[in-house]
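Here is how the chains run, residue by residue.
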Amino acid sequence: MISAIACGTWWGEIVEFHNDIRGYLFSGFLTLGSFLLTTKTFVITRLQEGLFQKREYDEWYRIAVQQHGVEKVGARNQPLRNLTEFLVWSVVSCLGTAVCQLLLSAVKHPFATTVAFGASAGALSLVLRAWWHLRALMLDYLDYANREKVEG
């Protein structure tokens, strides 16, 4: 009985906390989704032109396929496809989470609050994974640009 009362009190505080921050979560995820959509367009195009269409990348890919096999390395533009897919799903999850925050905030129930916070955690995990992919590709791009500058 005491634990039921404690859980009821605890959930009530979490629901109230969600009501206090839902506006911030809505605007934050809406902004993050818009930013990622803009970033996706610019970064994917830039990486495609700056790294994946170079002759040197063809040579790196050929060597990787010889060493590891095409099954393990994947298609020629697979890293760019993976990043594009993660960025698209990150945008969708951020915008979906923003809508979720808006719609579920009207329901003052612990389950609705749990779903809203779960959507936030899921969206953030996708965004972090997409940024990790982006980081890896940008490091490759910068290494290539640095080699090109030193050799050229």
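Since the structure is predicted, the reported quantities are computational estimates derived from the model, not experimental observations. (Residues numbered from 1 in each chain as written. Predicted model: local features only at pLDDT ≥ 70, side-chain atom pairs only at ≥ 80, totals over all residues. Heavy atoms only, no water.)

Engineer: For the confidence of the model for the chain, give the residues involved together with the corresponding values.
Structural biologist: Averaged over every residue, the pLDDT of the chain is 81; the share at 70 or more is 87%. Between residues 1-6, whose pLDDT stays under 50, and residues either more than four places distant or in other chains, the model counts zero contacts. (pLDDT = per-residue confidence, 0-100. Contact = heavy atoms within 4.5 Å.)

Engineer: A description of the packing of aromatic side chains should follow, citing residues and the corresponding values.
Structural biologist: Here the structure, examined in full by the defined rule, presents zero aromatic pairs. We note R135 situated over the ring of W132; from NZ or CZ to the ring centre the distance is 4.8 Å. (Phe/Tyr/Trp six-rings, centres within 6.5 Å; stacked < 30°, edge-to-face > 60°. Lys NZ or Arg CZ within 6 Å of the ring centre and 35° of its normal.)

Engineer: Can you lay out a nonpolar patch on the surface for me, pointing to particular residues and giving the numbers?
Structural biologist: A surface patch of nonpolar side chains, amounting to about 330 Å² of accessible area, comprises F35, L128 and W131. By the secondary structure assignment, L128 is in helix α5 (residues 110-151). (Patch = residues over 30% accessible without salt bridge, like charges linked within 9 Å, V, L, I, M, F, W, Y side chains within 5 Å. Areas by Shrake-Rupley, 256 points an atom, 1.4 Å probe, with all protein chains shown as cover. Salt bridge = Lys/Arg side-chain N within 4 Å of Asp/Glu carboxyl O. Helix = DSSP H or I, 4+ residues; strand = E, 2+ residues; numbered from the N terminus.)

Engineer: Can you tell me about helix α2 (residues 55-68), naming the residues and giving the values?
Structural biologist: Compared with an ideal rise of 1.5 Å per residue, which puts 14 residues at 20 Å, α2 spans 20 Å between its outermost C-alpha atoms and is within 8% of the ideal. Directly beyond the C-terminal end of α2, a positive phi value near 90 degrees is found at G69. (Expected span 1.5 Å × (residues − 1).)

Engineer: Before we move on, can you summarise helix α4 (residues 78-104) with the specific residues and values?
Structural biologist: With 27 residues, α4 should cover 39 Å at 1.5 Å per step; its first-to-last C-alpha distance of 37 Å lies within 8% of that length. Among all positions of α4, only L80, L83, L87, S90, V91, S93, C94, T97, A98, C100 and Q101 are buried. (Buried < 20%, exposed > 50% of the residue type's maximum accessible area, 1.4 Å probe, protein only.)

Engineer: Give a description of the side chain of S93 that names residues and reports values.
Structural biologist: Counting through the fold element by element, S93 comes out in helix α4. Within polar-contact distance, the side chain of S93 engages the backbone oxygen of S90 at 3.0 Å. Those residues in contact with S93 that sit more than four places away from it in its chain are A123 and L126. (Polar contact = N/O pair within 3.5 Å; in protein donor to acceptor, adjacent residues only side chain to side chain.)

Engineer: Can you break down the nonpolar core residue by residue, with the values?
Structural biologist: With 24 residues, the main nonpolar core has L36, L47, F52 and L83 as its most contacted residues. Of all the secondary-structure elements, those providing two or more residues to this core are α1 (2-52), α4 and α5. Not counting residues up to four positions away in its chain, the partners in contact with L83 are V43, I44, L47, A130, H133, L134 and L137. (Core = buried A, V, L, I, M, F, W, Y, C linked by side-chain atoms within 4.5 Å.)

Engineer: Please provide a residue-by-residue account of the pattern of salt bridges, values included.
Structural biologist: The tally for this structure, following the rule as stated, stands at two salt bridges. Among the ionic pairs, D58 bridges to R76, the shortest N-O distance being 2.5 Å. On the criterion of sequence distance, the pair formed by D58 in helix α2 and R76 in the loop between α3 (70-73) and α4 is long-range, its members being 18 residues apart. For D58, a relative accessible area of 36% gives the class partly exposed. Accessibility expressed as a relative area gives 25% for R76, which makes it partly exposed. With a shortest N-O distance of 2.3 Å, E59 and R62 are connected by a salt bridge. Here E59 pairs with R62, and both are found in helix α2, just three residues apart, close to one helical turn. For E59, a relative accessible area of 34% translates into the label partly exposed.

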